[in-house]
Amino acid sequence: MVSNIAYVGCRTTRERNARGTGISVFRIDEDGRWDLVAIEGTLPNPSFLTVDQSGRYLYAIHGDRTEMSSFRIEEDGKLKPIGHSTTAGLNPVDATIDPTGRHLIVTNHLSGSVIVHRLTDGHFEYLTAYAQIAGRLGPHRTEQISPKPHQAIFDREGTRLFVPNKGTDTISVFEFEAALGSLVECPSHGAQLREGTGPRNGVMHPRMPILFVVGELDSTVYSLRVGREGGLRPFQVAPCLPDNFIGFSRASAIVLSPDGTRLHISNRGHDSICTFDVGEGGHLTSPRWAASNGRTPRFACYNPAGTDLLVANEEADTIISIPGDGIGPATVIARTPSPTCMVFRYRHSGSTPPYSVTHAAEGRLKGVSA
């Protein structure tokens, strides 16, 4: 390995009480040290990022707005703007690239929609699919006043998308056709979770047909079995907070270890990382907690080596590292204003890296945000 580049998204607006000014670019040396290279100015709130599998292009979606941006990644890791386009919805919170690399799937939280946009060499071409999600709303009087999809998670074959919906306490299932970039909802395959769960983010297990989904509002994590036809069947729900905690907290990130043996959840309020062992058949056991050493741990992912968990503390302006076994202590490795997301460009002396750390949705080691 030569060196890796980390890109850190952030919030920038006064409405979010934010301190960020753009996408921070860090060079990670062989000893794991992070050195700031540049802060790339963008449209407001470049709050979620993803890098294509070639490592040539970076895409940003702008939270609380309706735009997305694309950049070419230069040899030195800096970003060269390519263009902007509309997300066709309000407050995009998640973006992922399909396995063919030809489409960007964006989840619009406040518009209740998922879109598919065609990509060509870093350029936004045209919208290929738009799905409006409906459903009976959950009981929370302020957080569940409309459908609020929060992520689109590919299955292991790249032919289906699972969409947790914080507003309706459901997980929708869509068939995805890569040749056309089309989406077709399969209502009978979805899952209804407990009222007030507020499903937020999820991750597929890399070997078992298991989807894990975190409930933001009740701080739980669900284990769901994925059937041959894509149907979801919940078989376990586990709390992400210790039983002696009675304060306010909301769950956020969900990340699997590279080998699929540990599952991590971030808790905003309790300001901790909850780690489970993933046992036989996908059952979660042995919860333990490590302090995030900072307020509001919004995002988490594994480091490029696949050994330690990295966590972005949005209100503490820090990125910390926790050992992969989930037992602290947390170590500050970088300071950057209002961090909300991390992605990486790899530089390897050999073959393609075994993991892509861009989006905790896909079991190929990806981190989560929003």
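What you see is a predicted model; the values in this text were computed from it and never measured.

**Q** Sorry, what's going on with the overall build of the protein chain here?
**A** The number of helices and strands found in the protein chain is zero helices and 29 strands. Dimensions of the protein chain, computed from the C-alpha atoms along their principal axes, are close to 45 × 45 × 45 Å. Split into buried and exposed, the 370 residues of the protein chain put 60% on the buried side. Looking at the protein chain alone, contacts between residues at least 24 apart form 49% of all its contacts between residues at least 6 apart. A total accessible area of about 14,000 Å² is found for the protein chain, and carbon and sulfur atoms account for 50% of it. For the protein chain, the distance from the average position of its 36 positive side-chain charges to the average position of its 38 negative side-chain charges is 2 Å.

**Q** What is the right way to look at the pattern of salt bridges in this model?
**A** Between side chains of opposite charge, a pair can form as their charged atoms come close. Taken as a whole, this structure holds 19 salt bridges when the rule is applied. For the salt bridge of arginine 160 with aspartate 155, the shortest nitrogen-to-oxygen distance reads 3.4 Å. On the basis of relative accessibility, which here comes to 12%, the residue arginine 160 falls in the buried class. In this structure aspartate 155 comes out as buried when scored by relative accessible area, which is 7%.

**Q** What is the right way to look at the packing of aromatic side chains in this model?
**A** Each aromatic ring pair is described using two quantities: the centre-to-centre distance and the angle formed by the ring planes. Summed over the entire model, instances satisfying the criterion amount to four aromatic pairs. A ring pair is formed by phenylalanine 26 and tryptophan 34, whose centres lie 5.4 Å apart and whose planes are at 55 degrees; its orientation type is tilted. Given a relative accessible area of 4%, phenylalanine 26 falls into the buried group. With a centroid separation of 5.4 Å and 80 degrees between ring planes, the pair formed by phenylalanine 154 and phenylalanine 176 is classed as edge-to-face. With phenylalanine 154 in strand E12 (residues 153–154) and phenylalanine 176 in strand E14 (residues 170–177), this pair connects stretches of sequence that are 22 residues apart. Residue phenylalanine 176 is classed as buried on the basis of its relative accessible area of 5%. An aromatic cluster is present here, built from Phe26, Trp34 and Phe344 joined pairwise through their rings. The lysine or arginine in question, arginine 225, covers the ring of phenylalanine 235, its NZ or CZ lying 4.3 Å from the ring centre.

**Q** Just checking my understanding: could you explain the sheet that holds strand E7 (residues 79–86) for this structure?
**A** Backbone-to-backbone hydrogen bonds pair the strands of a sheet. The strands run either parallel or antiparallel. The four strands are arranged E4-E5-E6-E7 in an open sheet whose pairing can be described as antiparallel. Every interior strand has two partners, whereas the edge strands, strand E4 (46–51) and E7, have only one. Neighbouring strand axes in the sheet, compared pairwise and without regard to direction, differ in orientation by 25 degrees on average. Inspection of the sheet shows strand E6 (residues 67–73) paired to E7 by seven bridges, in the antiparallel sense. If you follow methionine 68 over to E7, its bridge partner there is serine 85.

**Q** Mind showing me how you'd approach the sheet that holds strand E21 (residues 250–256) here?
**A** Pairing within the open sheet is antiparallel, and its four strands lie in the order E21-E22-E23-E24. Edge positions in the sheet fall to E21 and strand E24 (284–291), since each has one partner strand and no second. Going from strand to strand, the sheet's axes swing by 25 degrees on average, the running direction of each strand aside. Sheet topology note: the strand E23 (residues 272–278)/E24 ladder contains six bridges and is antiparallel. Of the residues in E24, the one forming a bridge with isoleucine 273 is alanine 290.

Analysis parameters
- Residues numbered from 1 in each chain as written.
- Predicted model: local features only at pLDDT ≥ 70, side-chain atom pairs only at ≥ 80, totals over all residues.
- Heavy atoms only, no water.
- Helix = DSSP H or I, 4+ residues; strand = E, 2+ residues; numbered from the N terminus.
- Buried < 20%, exposed > 50% of the residue type's maximum accessible area, 1.4 Å probe, protein only.
- Contact = heavy atoms within 4.5 Å.
- Areas by Shrake-Rupley, 256 points an atom, 1.4 Å probe, with all protein chains shown as cover.
- Lys, Arg positive; Asp, Glu negative; His and termini not counted.
- Charge placed at Lys NZ, Arg CZ, Asp CG, Glu CD.
- Salt bridge = Lys/Arg side-chain N within 4 Å of Asp/Glu carboxyl O.
- Phe/Tyr/Trp six-rings, centres within 6.5 Å; stacked < 30°, edge-to-face > 60°.
- Lys NZ or Arg CZ within 6 Å of the ring centre and 35° of its normal.
- Pairing = 2+ DSSP bridges.
- Axes fitted to C-alpha atoms, helices over the stretch in contact; angles between N-to-C directions.

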